[in-house]
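# Structural overview
Spelled out, the chains give:
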Amino acid sequence: HPLPLLYYYLAFVKQGNRPSKLAIQALERALQQALSDRSLMLHYQPQVDAQGRVVGAEALLRWQPQQGPLVLPAGFIDVAEDSGLIAPIGRWVLETACAQLRAWGAQAHTRHLQLSVNVSARQFRQPDFEPQVRQMLEHAGVPAGQLKIELTESVVLGDVADTKHKMQALRAHGVDFSLDDFGTGYASLTYLKQLPFTQIKIDRSFVTDIGRDESDEAICATIISLGRSLGLEVVAEGVETPVQRDFLCARHRCGLMQGYLFGAAMPPEAFDRMLLAQAA
């Protein structure tokens, strides 16, 4: 049965072992089924401003098999990439995100929110990616400026000219772009110069040791200053303590933050309850 094999696969991955071909094939079949049986879902992690107000969220993929515990992307994303299922899964994520923006737009306490969505290299490289995104936004009837597409450096490495063309076309339509995991690659500054990003995200690996490591503090402060100089919004990931928040926000004026200090990724119903409580 594919589900027992799925958890067999996950256990092997967690232990650093290589699962069998049979387990990988079972996971592929289970993922294909997940696309049709609505067991994939999006959870939303709040992004807050300097005053602690929720101004947006990052959409994070989750898989809830009908039998068994919730599965995080680390358990299946590699198989999705290798099998090519990442493209239809990525399309589902964008469609679901646009539908969520439409739902938020119908309520006073959520209509201001912007939603960030991670896009894989395989999905971004599809020839019709740009018209796909435009059609999704138009079908949902939401302003393009409320959607932010997050790209890692690995996405743009393959073909910078193609990346620039697609980004410029979507920017002209109003879609924003964020450079994810900033500071962990080799040519991020080059991409900031060539590509129309509107935001950079400080990787959580630099945020974790704020208060304990002066080098990480210097890196975070430099990225914030760089972003401000270039007119880019800066968001810090993985903020978990008041010490990290105060360093980033009070001392260095980081524009946005996300992390467990403000809330874990949560289902849309829980996210809505949190915002209602904040509004009250």
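Described below are features of the structure shown in this document. (Residues numbered from 1 in each chain as written. Predicted model: local features only at pLDDT ≥ 70, side-chain atom pairs only at ≥ 80, totals over all residues. Heavy atoms only, no water.)

## Focus on the overall build of the chain
Looking only at helices and strands, one finds 13 helices and 8 strands in the chain. Taken over the C-alpha trace, the chain has a radius of gyration of 19 Å; the compact-globule value for 280 residues is 19 Å, and the two agree within 12%. Principal-axis analysis of the C-alpha atoms gives the chain an extent of 55 × 45 × 45 Å. Evaluated residue by residue, the chain yields a buried proportion of 48% over its 280 residues. If you take every contact in the chain between residues at least 6 apart in sequence, the share linking residues at least 24 apart comes to 65%. Total accessible area computed for the chain in this model is approximately 13,300 Å², and 52% of it derives from carbon and sulfur atoms. Here the chain contributes 26 positively and 30 negatively charged side chains, and the mean placements of these two sets differ by 3 Å. (Helix = DSSP H or I, 4+ residues; strand = E, 2+ residues; numbered from the N terminus. Rg over C-alpha atoms; globule rule 2.2 N^0.38 Å. Buried < 20%, exposed > 50% of the residue type's maximum accessible area, 1.4 Å probe, protein only. Contact = heavy atoms within 4.5 Å. Areas by Shrake-Rupley, 256 points an atom, 1.4 Å probe, with all protein chains shown as cover. Lys, Arg positive; Asp, Glu negative; His and termini not counted. Charge placed at Lys NZ, Arg CZ, Asp CG, Glu CD.)

## Some points on the pairing of strand β5 (residues 176–182)
Burial analysis of β5 places 6 of its 7 residues in the buried class, which makes it a mostly covered element. Both strand β4 (residues 147–151) and β5 contribute to a ladder of 4 bridges, which runs parallel. Across the sheet, the residue bridging to Glu150 is Ser178, located in β5. Bridge analysis of β5 against strand β6 (residues 199–202) gives 3 bridges, and the strand direction is parallel. Among the inter-strand pairings, Phe182 is bridged to a residue of β6, identified as Ile202. (Pairing = 2+ DSSP bridges.)

## Re the packing of helix α4 (residues 86–105) against helix α6 (residues 129–140)
A packed helix pair is summarised by two numbers, namely the angle formed by the two axes and the spacing between the axes. For the pair α4 and α6, interaxial distance at closest approach is 9 Å and the crossing angle is 30°. Regarding the angle of α4 to α6, the classification is roughly parallel. When the axes of α4 and α6 are compared, the crossing they make is right-handed. For the pair α4 and α6, contact is made by Arg91, Leu94, Glu95, Cys98 and Arg102 and by Phe129, Gln132, Val133, Met136, Leu137, His139 and Ala140, respectively. A per-class count over the contact of α4 with α6 returns 7 nonpolar, 2 polar and 3 charged. (Axes fitted to C-alpha atoms, helices over the stretch in contact; angles between N-to-C directions. Parallel < 35°, antiparallel > 145°, perpendicular 65-115°, else oblique. Left-handed = near helix turned anticlockwise from the far one by under 90°. Nonpolar A, V, L, I, M, F, W, Y, C, P; charged D, E, K, R; others polar.)

## Focus on the nonpolar core
Ranked by internal contacts, the top residues of the largest apolar core, which has 75 residues, are Ile149, Leu151 and Leu248. For this core, the leading source of residues is α4, giving 8 residues. (Core = buried A, V, L, I, M, F, W, Y, C linked by side-chain atoms within 4.5 Å.)

## A closer look at the side chain of Asp49
Within the secondary structure, Asp49 sits in the loop between β1 (40–48) and β2 (54–63). Asp49 gets classed as buried once you look at its relative accessible area, which sits at 11%. Within the structure, the side chain of Asp49 is placed 3.0 Å from the backbone nitrogen of Gln51, a separation counted as a polar contact. In terms of polar contacts, Asp49 uses its side chain to reach the backbone amide nitrogen of Arg53, at 2.9 Å. Sequence-distant contacts of Asp49, that is, excluding residues within four places in its chain, are made with Val55, Gly255, Leu256 and Met257. (Polar contact = N/O pair within 3.5 Å; in protein donor to acceptor, adjacent residues only side chain to side chain.)

## Some points on the packing of aromatic side chains
Tallied over the full model, the rule gives 5 aromatic pairs. Pairing Tyr44 with Trp104 gives two aromatic rings, centres 5.5 Å apart and planes at 65°, and the pair type is edge-to-face. Residue Tyr44 is located in strand β1, and its partner Trp104 is located in helix α4; the two are separated by 60 residues in the primary sequence. In this structure, Tyr44 and Trp104 share a single accessibility class: buried. Both rings, one in Trp63 and one in Phe76, keep their centres 5.5 Å apart while their planes meet at 85°; by these two values the pair is edge-to-face. Here Trp63, found in strand β2, pairs with Phe76, found in the loop between β2 and α3 (77–83); they are 13 residues apart in sequence, far enough to count as distant. What links up through ring pairs into an aromatic cluster is the set Tyr44, Trp104 and Phe271. (Phe/Tyr/Trp six-rings, centres within 6.5 Å; stacked < 30°, edge-to-face > 60°.)

## A short note on unusual backbone geometry
Of note, Asp181 is a non-glycine position whose phi angle comes to about 55°, a positive value. Turning to its location among the elements, Asp181 is positioned in strand β5. For Arg253, which is not glycine, the phi torsion reads 55° and is therefore positive. Secondary-structure assignment places Arg253 in the loop between α12 (242–251) and β8 (256–257).

## Side note on the packing of α6 against helix α8 (residues 160–173)
As a packed pair, α6 and α8 sit with axes 9 Å apart at the nearest point and diverge in direction by 20°. Here α6 lies roughly parallel to α8, going by the angle between them. Where α6 crosses over α8, the two elements pack in a sense that is right-handed. Contact residues: Phe129, Glu130, Val133, Arg134, Leu137 and Glu138 in α6; Lys166, Ala169, Leu170 and His173 in α8. Here the contact of α6 with α8 is built from residues that sort into 5 nonpolar, 1 polar and 4 charged.

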